[in-house]
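Examination of the molecular architecture
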Amino acid sequence: QVQLVYSGGGLVQAGGSLRLSCAASGSIFSVYTMGWYRQAPGKEREYVATLTSSGSTDYADSVKGRFTISRNNAKTTMYLQMNSLKVEDTAVYYCNRVGISYKWDWGQGTQVTVSS
């Protein structure tokens, strides 16, 4: 079982920026297509962004042009750079596999709160 460890969430004003991190043991970011998801209060978890093992990226329309997904050279940590944050970006953010129904344990995620 892969353990996903999060950091980087917090409270920020609308228009601000945050960078989230998702770390994992092993070489999962060089093997699997991974991504970020988020879950707002009272809503279902939704897809945010994808990073393939070859480095290709994709984004949900709601974050395109504002968020950037990336990983470090060692491929042990994945990031989500979030700029021009909006109140509606408030959610708990998670990382996990993309494009496959089997998911690892989601863990606690990292809370992002954007104030107006």
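For the structure itself, consult the block above.
To keep things clear, this report deals only with the structure shown in the data block.

What counts as what
Residues numbered from 1 in each chain as written. Predicted model: local features only at pLDDT ≥ 70, side-chain atom pairs only at ≥ 80, totals over all residues. Heavy atoms only, no water. Buried < 20%, exposed > 50% of the residue type's maximum accessible area, 1.4 Å probe, protein only. Helix = DSSP H or I, 4+ residues; strand = E, 2+ residues; numbered from the N terminus. Pairing = 2+ DSSP bridges. Axes fitted to C-alpha atoms, helices over the stretch in contact; angles between N-to-C directions. Disulfide = S-S within 2.5 Å. Phe/Tyr/Trp six-rings, centres within 6.5 Å; stacked < 30°, edge-to-face > 60°. Lys NZ or Arg CZ within 6 Å of the ring centre and 35° of its normal.

Before going further, it helps to spend a moment on the pairing of strand 4 (residues 34–39). A regular strand places its side chains so that they alternate between the two faces of the sheet. Along strand 4, five of the six residues are buried, which leaves the element largely enclosed by surrounding structure. The pairing of strand 4 with strand 5 (residues 46–51) spans five bridges and is classified as antiparallel. Considered in strand 5, the bridge of Tyr-37 is made with Tyr-47. Where strand 4 hands over to strand 5, the hairpin turn is made up of six residues, of which Gly-42 adopts a positive phi near 75°. Relative to strand 9 (residues 91–97), strand 4 runs antiparallel, the two being bridged by six bridges. What sits directly across from Tyr-37, in strand 9, is Tyr-94.

Strands sit in the order 1-3-8-7 across an open sheet of four strands; the sheet is antiparallel. Edge positions in the sheet fall to strand 1 (4–7) and strand 7 (67–71), since each of these pairs with one other strand and no more. Between one strand and the next, the sheet's axes are offset by a mean angle of 15°, whatever the strand orientation. Here four bridges tie strand 1 to strand 3 (residues 18–24), and the two strands are oriented antiparallel to one another.

What follows concerns the sheet that holds strand 5. Ordered by their spatial adjacency, six strands build an open sheet running 2-10-9-4-5-6, and the pairing between neighbours is mixed. Two strands in the sheet have a free side with no partner beyond their single neighbour: strand 2 (10–13) and strand 6 (57–59). Neighbour-to-neighbour, the strand axes of the sheet open up by a mean angle of 25°, direction not taken into account. With three bridges joining them, strand 9 and strand 10 (residues 110–115) adopt antiparallel strand pairing. Considered in strand 10, the bridge of Ala-91 is made with Val-112.

In total, this model carries one disulfide according to the counting rule given. Paired by a disulfide, Cys-22 and Cys-95 hold their sulfur atoms 1.8 Å apart. An S-S torsion of about 45° defines the bridge between Cys-22 and Cys-95 as right-handed. Of this pair, Cys-22 sits in strand 3 while Cys-95 is found in strand 9, placing the two residues 73 residues apart along the sequence. Each member of the pair, Cys-22 as well as Cys-95, carries the same accessibility label: buried.

Turning our eyes to something else, we now look at the packing of aromatic side chains. The way to describe two aromatic rings as a pair is by their centre distance and the angle between their planes. Applying the stated criterion across every chain yields a total of six aromatic pairs. Aromatic side chains Tyr-37 and Tyr-47 sit 6.4 Å apart centroid to centroid with 80° between the ring planes, which places their arrangement in the edge-to-face category. Taken together, the residues span a long stretch of sequence, with Tyr-37 in strand 4 and Tyr-47 in strand 5 at a distance of 10 residues. Its relative accessible area of 9% is what places Tyr-37 among the buried residues. An aromatic cluster is defined as three or more aromatic residues linked by ring pairs; in this entry it consists of Tyr-6, Trp-36, Tyr-37, Tyr-47, Tyr-94 and Trp-106. Cation over ring: Arg-19 sits above Tyr-79, and NZ or CZ is 4.1 Å from the ring centre.

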